[in-house]
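# Coordinates in review
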Amino acid sequence: MNFCSLASGSSGNCQYIETKESRFLIDAGQTGKKIENLLGEIQVDPKSLDGILVTHEHFDHTSAVGVLARRYGLKVFANENTWLAMEKTVKKIPKSQQVVFETGKDLEYKDLKIETIPLFHDCVQGTGFILQDKDTKIAMLTDTGWVSTSMLEKMAHADLYYIEANHDEDLLRTGPYSFALKQRIASNRGHLSNHHAASILEKLLQKKKEHVLLGHLSTDNNDPLLAVRTIREDLARTNIHEGLDFTMEVAKPCEPSRIYLGKDQG
Ligand SMILES: [Zn+2]
Ligand SMILES: [Zn+2]
């Protein structure tokens, strides 16, 4: 399975995965044009996509879902509450392209197994996706303020963790946001901080050279170097060392990451 983050952060989120038999976007929270260009940069023709998996209705995840679905006849996968909540944003999508899933239940599409986990976030019903083909497993976790033991169990033993490092707790506290917004982001229905991401990775990493791709960084309340440093240091204190035990990179706001897990990438 190949994975690439095309856009990540509060200005828009879109990730791409492909197996031998299927190609999906996870969220489409940029303009349609931008996503087409980003796919072009990694030589993927949007016509070759099978569908879009939707995590939740927030605009930074759904702004181009409708446009792309109609333009390329893509299937759109979302749970029932999300379908209702994103109706205004995605507008009319033909019934034949709508797939309704139940968060918590597994899905299958050709050679791709999709596990869905409930997120703790200020949306109607968020979904995290764990994607597997016969060789590889990718766990994606953003837009959640809390992670339960059962979520960790499902995410375990992945080859790649695409995980949210939304904010630095001090920068958020002293930053420009209103008190209410700060409270919301830091709450258990908000976003994961750098320290919180580290504590989750501490439980997940098995020192098997897993890949960590940090995502959904706030431009106001975080900084890529700070996020990497905080998480590297937290993990080193628990004897898990970047480079030796795992690799770590940061997904850019609007630029393709490298292609993960492809055979040529090792
Ligand atoms: Zn988001
Ligand atoms: Zn959100």
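For the structure, see preceding data.
The following refers to the structure shown.

Scoring rules and cut-offs
Residues numbered from 1 in each chain as written. Chains lettered and ligands numbered in written order. Predicted model: local features only at pLDDT ≥ 70, side-chain atom pairs only at ≥ 80, totals over all residues. Heavy atoms only, no water. Donors = N, O, S within 2.8 Å, 3.2 Å for Na, K, Ca; no water. Tetrahedral: all angles 85-135°; square planar, octahedral: opposite > 155°, others 65-115°. Buried < 20%, exposed > 50% of the residue type's maximum accessible area, 1.4 Å probe, protein only. Helix = DSSP H or I, 4+ residues; strand = E, 2+ residues; numbered from the N terminus. Contact = heavy atoms within 4.5 Å. Pairing = 2+ DSSP bridges. Axes fitted to C-alpha atoms, helices over the stretch in contact; angles between N-to-C directions.

Bound to the zinc ion (ligand 1) are the protein donor atoms Asp60 (OD), His61 (NE2), Asp143 (OD) and His216 (NE2), situated 2.1 to 2.6 Å from the metal. Here the zinc ion (ligand 1) binds 4 donor atoms, and the angle range of 89 to 165 degrees at the metal identifies the geometry as irregular. Of note, the zinc ion (ligand 1) draws all its donor residues from one chain, in the sequence arrangement D-H-x81-D-x72-H. Taken as an interatomic distance, the gap from the zinc ion (ligand 1) to the zinc ion (ligand 2) is 3.3 Å; Asp143 donates to each of them.

With that out of the way, let us pick up helix α3 (residues 65-72). When we look at burial in α3, the residues that qualify are Val65, Gly66, Leu68 and Ala69. Packed against the buried residues of α3 are β3 (23-26), α1 (32-41), β4 (51-53), α2 (59-62), β5 (75-79) and α5 (87-90).

A few words now on the coordination of the zinc ion (ligand 2). In the first shell of the zinc ion (ligand 2), the protein supplies His56 (NE2), His58 (ND1), His121 (NE2) and Asp143 (OD), at 2.2 to 2.5 Å from the metal. In this structure, the zinc ion (ligand 2) is surrounded by 4 donor atoms whose angles at the metal cover 88 to 174 degrees, and the resulting shape is irregular. Of the residues examined, His58 reaches a relative accessible area of 23% and is grouped as partly exposed.

Pairing within the open sheet is mixed, and its 6 strands lie in the order β1-β2-β3-β4-β5-β6. In this open sheet, the two edge strands, each paired with only one partner strand, are β1 (2-7) and β6 (98-101). Taking each pair of neighbouring strands and ignoring which way they run, the sheet shows an average axis angle of 25 degrees. With 3 bridges connecting them, β3 and β4 associate as parallel partners. Each residue of the ladder has a partner; that of Phe24, found in β4, is Gly51. Packed on one face of the sheet, α1 meets β1, β2 (14-18) and β3 and runs near 140 degrees to β1.

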